[in-house]
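Remarks on the overall topology
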Amino acid sequence: MRRLLVALTATALTLAGTGVAAHAAPAPGGPGVGDSYFPDYGNSGYDVSHYDVRLRYTPATDLLTGTTTILATAEQDLSRFNLDFVLDVSSVLVNNRPATFARQGDHELVVTPARPVSDGGAMTIVVRYSGVPSTKVAAGFTAWIRTPDGAMAIGEPEIAWWWYPSNDHPTDKATFDVSISVPDGVEAISNGVMPRPPVRETLGYTRWSWRSLKPQAAYLTFMTVGQYDVTTDTTASGRPVYNAYSRLMTQELREAAQASVERTAEITDWETTLFGPYPFEARGGVVAPPDTLCCALENQTRPNYSTRFFTRGSNTSVVVHENAHQWFGDSVSVADWRHIWLNEGFATYAEWLWSERNDEGTAQEIFDYLYATSPPDAPIWTTAPADPGVAQLFGDAVYDRGAMTLHQLRLAVGDDDFFEILRAWAAEHRYGNATTEQFTGLAEKISGEDLGALFEAWLSTPSKPVVATTLARTA
Ligand code: ARG
Ligand code: ZN
């Protein structure tokens, strides 16, 4: 799903109406969308509206088999197109006719339909496949994680390749149905809502069904399989909450994790007062088995958490961070991975606001501490948040300096304009994609101020910005 498409289609129709439209020979789609950091991620030539991912997974062997059906629209006269995928494909159908397919590079599947698809034409793509995901190396690593009792597909920016074929770039969001059949007694969890309860199949397997009703980026779609204890609830507004805790945690970890993640509805309600309406149909969180997941990830409607966040007791900060991403990252997504501070700087600033709200230190105090304690040659200063590069994609400049930038913006425009900017940002680009330039433009529009020097110093300069007032304030 791409927003630009609406405008482009309107233009094409106008041209067609005036008889100007020319018929080009069908041409291949491209192997990437031209992302400045990951040029071969995603593909060009078509746009996906829905994925139906239907799988069977067996933890003992790590064998994943299944069929993914993709509903897409050609965006040009298309002779062939690529999908991003690493497992072993046995057949591909395009509009019910067998297509030929070949592997290219380490994560591309090139599909040639029996007949070209014309611009604007609907494509139903059916890919049957199997494989042992933990054995597949692409981009130099294996993102799929096996656990003592199952497996997880959780990662950013690449994870889809290991479990379903996709157009793997945040600019092509789609709705999802994910169903996973796993041995009886094991849970299979994914995003969104459960359209039906788990269904027992033959041979000792149970099928779990999940559905995402709003546009969702491929990397934000997750699956986790294992033994989990589940809590469910309904928010005041009637939306489902589904939390899951690995049974492999100690009781101490489990209590700290629950004391944090069980507060998801409260925390997202608080975030709603800052950022505007919660964008999605469900809420929740999943806490992985110990020593399996490195980090936390803002999977749409249901972030996943490493237990390492809970080893020193409860931690609501990480819950605030991952759920702030529901607005900033998941609903408003980057148009190019270069703009990652729009995700991480905003989610980090939400943590500062939560600290302020709980009398655990104001945003100003956190800013001052970081400003005073980060040495001048630290990556936070030598990296420009607006173009951090792949090596610093998740570095301090993106997280902490990104949040410091928002704090400087707040000081410059005042609280009323600042929170109006955040809400307008979430509203104007809801379910879409956006760039740093669009954000700085919006901030100037709402505040009526020239913020060029502020953003230049904080976002685009690889050195420590001078803040005249900080020393006076901390003295
Ligand atoms: N978006 C995740 C978060 O901030 C971080 C993912 C980190 N990924 C990584 N490869 N280091 O919650
Ligand atoms: Zn984050």
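Parameters at a glance
Residues numbered from 1 in each chain as written. Chains lettered and ligands numbered in written order. Predicted model: local features only at pLDDT ≥ 70, side-chain atom pairs only at ≥ 80, totals over all residues. Heavy atoms only, no water. Salt bridge = Lys/Arg side-chain N within 4 Å of Asp/Glu carboxyl O. Helix = DSSP H or I, 4+ residues; strand = E, 2+ residues; numbered from the N terminus. Buried < 20%, exposed > 50% of the residue type's maximum accessible area, 1.4 Å probe, protein only. Pairing = 2+ DSSP bridges. Axes fitted to C-alpha atoms, helices over the stretch in contact; angles between N-to-C directions. Donors = N, O, S within 2.8 Å, 3.2 Å for Na, K, Ca; no water. Tetrahedral: all angles 85-135°; square planar, octahedral: opposite > 155°, others 65-115°. Core = buried A, V, L, I, M, F, W, Y, C linked by side-chain atoms within 4.5 Å. Parallel < 35°, antiparallel > 145°, perpendicular 65-115°, else oblique. Left-handed = near helix turned anticlockwise from the far one by under 90°. Contact = heavy atoms within 4.5 Å. Nonpolar A, V, L, I, M, F, W, Y, C, P; charged D, E, K, R; others polar. Arc of directions from axis to C-beta.

To continue, consider the pattern of salt bridges. Under the counting rule described, the total for this entry stands at 13 salt bridges. Among the salt bridges present, the one from Arg247 reaches Asp229, with a minimum N-O distance of 3.0 Å. Placement of the pair is Arg247 in the loop between β16 (240-246) and α2 (251-261) and Asp229 in strand β15 (residues 228-234), with a sequence separation of 18 residues. On the basis of relative accessibility, which here comes to 41%, the residue Arg247 falls in the partly exposed class. A salt bridge links Arg263 to Glu266; the nearest nitrogen and oxygen atoms lie 2.8 Å apart. The exposure class of Arg263 is partly exposed, given its relative accessible area of 30%. One connected set of salt bridges, linked through shared partners, spans Glu187, Asp229, Arg247 and Arg254.

Pairing in this open sheet of four strands is antiparallel, and the strands run β8-β9-β14-β11 from one edge to the other. Of all the strands in the sheet, the pair left with one neighbour each is β8 (145-147) and β11 (187-189). The mean inter-strand angle of the sheet, taken between neighbouring strand axes irrespective of direction, is 15°. In this structure, strand β9 (residues 150-153) lies alongside strand β14 (residues 223-226), joined through three bridges in antiparallel fashion. Within β14, the position partnered with Ala151 by the bridge is Val225.

Next up on the list: the coordination of the zinc ion (ligand 2). Every protein donor of the zinc ion (ligand 2) is listed here as His321 (NE2), His325 (NE2) and Glu344 (OE), and their distances to the metal cover 1.9 to 2.0 Å. Relative to the metal, the four donor atoms surrounding the zinc ion (ligand 2) lie at angles of 98 to 142°, and the coordination shape comes out irregular. Expressed as a motif, the donor residue spacing for the zinc ion (ligand 2) is H-x3-H-x18-E. Here His321 is found in helix α4 (residues 316-327), whereas its partner Glu344 is found in helix α5 (residues 341-357), with 23 residues between them in sequence.

Core analysis: the largest hydrophobic core is formed by 137 residues, its most contacted members being Trp163, Phe310, Leu409 and Phe439. No other element matches the 13 residues that helix α8 (residues 396-428) contributes to this core.

Turning our attention to the packing of α8 against helix α9 (residues 436-447). It is at 9 Å that the axes of α8 and α9 come closest, and there the two elements cross at 110°. Between α8 and α9, the crossing angle belongs to the class labelled roughly perpendicular. Once α8 is placed against α9, the crossing between them reads as right-handed. Across the interface between the two elements, Leu406, Leu409, Val413, Asp417, Glu420, Ile421, Ala424, Trp425 and Glu428 of α8 pack against Gln438, Phe439, Leu442, Ala443, Lys445, Ile446 and Ser447 of α9. When grouped by side-chain class, the residues that make up the contact of α8 with α9 number 10 nonpolar, two polar and four charged.

To continue, consider unusual backbone geometry. What is expected of a backbone is that most residues other than glycine have negative phi and most peptide bonds are trans. Glu156 connects to Pro157 through a cis peptide bond whose omega is 0°. Positionally, Pro157 belongs in the loop between β9 and β10 (174-183). Although it is not a glycine, Asp62 sits at a positive phi angle of roughly 60°. Mapped onto the fold, Asp62 is located in the loop between β1 (46-58) and β2 (63-74). Positive phi values are uncommon outside glycine, yet Asn95 reaches one of about 50°.

Residues of helix α6 (residues 363-373) that are buried: Ala363, Gln364, Phe367, Asp368, Leu370 and Tyr371. Buried positions in α6, seen along its axis, are confined to an arc of 165° and lie on one side of it. More than 90 degrees from the buried face of α6, the exposed residues found are Tyr369 and Ala372.

Purely geometric stuff here, so don't read any function into it on its own.
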